[in-house]
Amino acid sequence: MDKIRIGVIGYGNIGKIHAAYLSKGEVDGAMLTAVANRGEAARALARKELLPEVQIFDSGEALITSRVVDAVLIATPHKDHPELAELAFKNGIHVLCEKPAGVTVKQVRAMNKAWEQTGGSVITAGNQTAENQTAGDQATGLVFGMVYNQRTNPVYAKLRELIKSGKYGELKRVNWIVTDWYRTQAYYESGGWRSSWRSEAGGVLMNQCPHNLDLLQWICGMPEKVRAFCHEGKWHEIEVEDDVTAYLEFPNGATGVFVTSTGDLPGTNRLEITLDGAQFRTDGKILEIFELSKPEREICFTSEEGFYREPETSCWRAVETEPAKPQYQALTQSFVDKIRFGRPQLAEGEEGIRAVELINAMLLSSWLSKEVTIPFDEALYEEEYQKKVHGT
């Protein structure tokens, strides 16, 4: 097909952004053909803002079964993501899902299984690989992607590349203070689905931090233990968490601390990662590195200086990265290119479960007031989550 027909399900804050760049033709090989929203006011706004040929539906289900789209971009409240994705898969439609993938690991696992039952991956033409396919080759399987647009940030992409290269040895420590997610009380009152366990299934972790937690595991790998303290309604009149401090342990013994809040102004975004041979730090805009003259473990056991310091020639320096591109467009472009040509995708859909697993583990740890090992008891999480929903 010349162009992938995309339908956006959900015409709220983020859905409108996706619909706007798609309708302007900012993704090669894609066109917006439909939008769905349950609210009449949102549908009326869509009719006003979008081209007349874009069809408007009163539900995601109606859009999916309409046969006017080849792919859907799901931008609804979190809990609806898996159900809509599964319906799309059953109807042979590709799926690009907004974060988070869902609200519980159990729910997301079912969604991933539904995708796997469709074939699980793009089937490339003949014996070609994704890397050497040409524009004339088209994938025949269903493509599943996540809107983890922060992976397109050249700073985080370069940081991942450097760490995964192995040049600087193993991970020792990661500290991320990301408190620049400030939100007012008006924000929480702006939508009926916000700030409750029943509708949103969480607060700052579930709504703001899926991107950060995805990047954390994408760059450093998944931790195996979590001890978290999630304060509910600490800075706002809400029932979900708005202030979190979590301690992490990784399989190789590395440790980490993750701190986030929607109550700090102006807030901070500082990621610091220490390896055996270097330390990195970034605010998401500039990446800096301090390269050691030798691996720290070697220095520790060979140096005769008790108060060793690196030579003055060693210092923090900026790492060159590629120019930044519009994140949503770049992410959606990779999704469309995988459908059309089988090219590698920036964020595979089945990877969405990892951030949800971290969110669930942190919440469960706080609820139980103890350390949680990953993977954890999913049935126990469901039980504890229902207690929060019903206020028991």
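Computed from a predicted structure; not experimentally measured.

> Can you walk me through the sheet that holds strand E5 (residues 94–97) in this structure?
Think of a sheet as strands paired side by side through backbone hydrogen bonds, with each pair either parallel or antiparallel. Across the sheet, six strands lie side by side as E3-E2-E1-E4-E5-E6; this open sheet has parallel pairing. Each having just a single partner strand, strand E3 (55–57) and strand E6 (144–146) make up the two edges of the open sheet. The mean angle between the axes of side-by-side strands here comes to 25°, regardless of whether they run parallel or antiparallel. Bridge analysis of E5 against E6 gives three bridges, and the strand direction is parallel. Of the residues in E6, the one forming a bridge with cysteine 97 is methionine 146. Sitting on the sheet, helix H11 (residues 327–341) touches strand E1 (4–9), strand E2 (30–36), strand E4 (71–74), E5 and E6, and the angle it makes with E5 is about 165°.

> Hey, could you run me through helix H13 (residues 378–390) in this one?
Residues spaced three or four apart along an α-helix point in a common direction, a consequence of the helix completing one turn every 3.6 residues. With 13 residues, H13 should cover 18 Å at 1.5 Å per step; its first-to-last C-alpha distance of 18 Å lies within 8% of that length. Of the residues making up H13, those classed as buried are Tyr381, Glu382, Glu384, Tyr385 and Val389. If you follow the buried residues of H13, they end up packed against helix H5 (105–116) and helix H12 (352–368). The backbone nitrogen of alanine 379 lies 3.0 Å from a side-chain oxygen of the residue at the head of H13, namely aspartate 377. Once H13 finishes, glycine 391 follows within two positions and takes phi at roughly 65°, a positive value.

> I would appreciate a short explanation of H12 in the present structure.
Between its first and last C-alpha atoms H12 spans 25 Å; for 17 residues at 1.5 Å apiece the expected length is 24 Å, and the two agree. Once H12 ends, the next one or two residues include serine 369, with phi positive near 55°.

> Which parts of the structure should I look at to understand unusual backbone geometry?
Glycine aside, a negative phi is what most residues show, and trans is what most peptide bonds show. A cis amide bond links lysine 99 to the next residue, proline 100, at an omega of -15°. Structurally, the position occupied by proline 100 is in the loop between E5 and H5. The amide bond that connects isoleucine 374 to the next residue, proline 375, takes the cis arrangement and shows omega of 5°. Position of proline 375 among the secondary structure elements: in the loop between strand E15 (372–373) and H13. Unlike most non-glycine residues, alanine 201 shows phi in positive territory, near 65°. For alanine 201, the location among the structural elements is in the loop between helix H7 (185–188) and helix H8 (204–208). The phi dihedral of serine 369 is positive, around 55°, even though this residue is not glycine.

Criteria and thresholds
Residues numbered from 1 in each chain as written. Predicted model: local features only at pLDDT ≥ 70, side-chain atom pairs only at ≥ 80, totals over all residues. Heavy atoms only, no water. Pairing = 2+ DSSP bridges. Helix = DSSP H or I, 4+ residues; strand = E, 2+ residues; numbered from the N terminus. Axes fitted to C-alpha atoms, helices over the stretch in contact; angles between N-to-C directions. Contact = heavy atoms within 4.5 Å. Expected span 1.5 Å × (residues − 1). Buried < 20%, exposed > 50% of the residue type's maximum accessible area, 1.4 Å probe, protein only. Polar contact = N/O pair within 3.5 Å; in protein donor to acceptor, adjacent residues only side chain to side chain.

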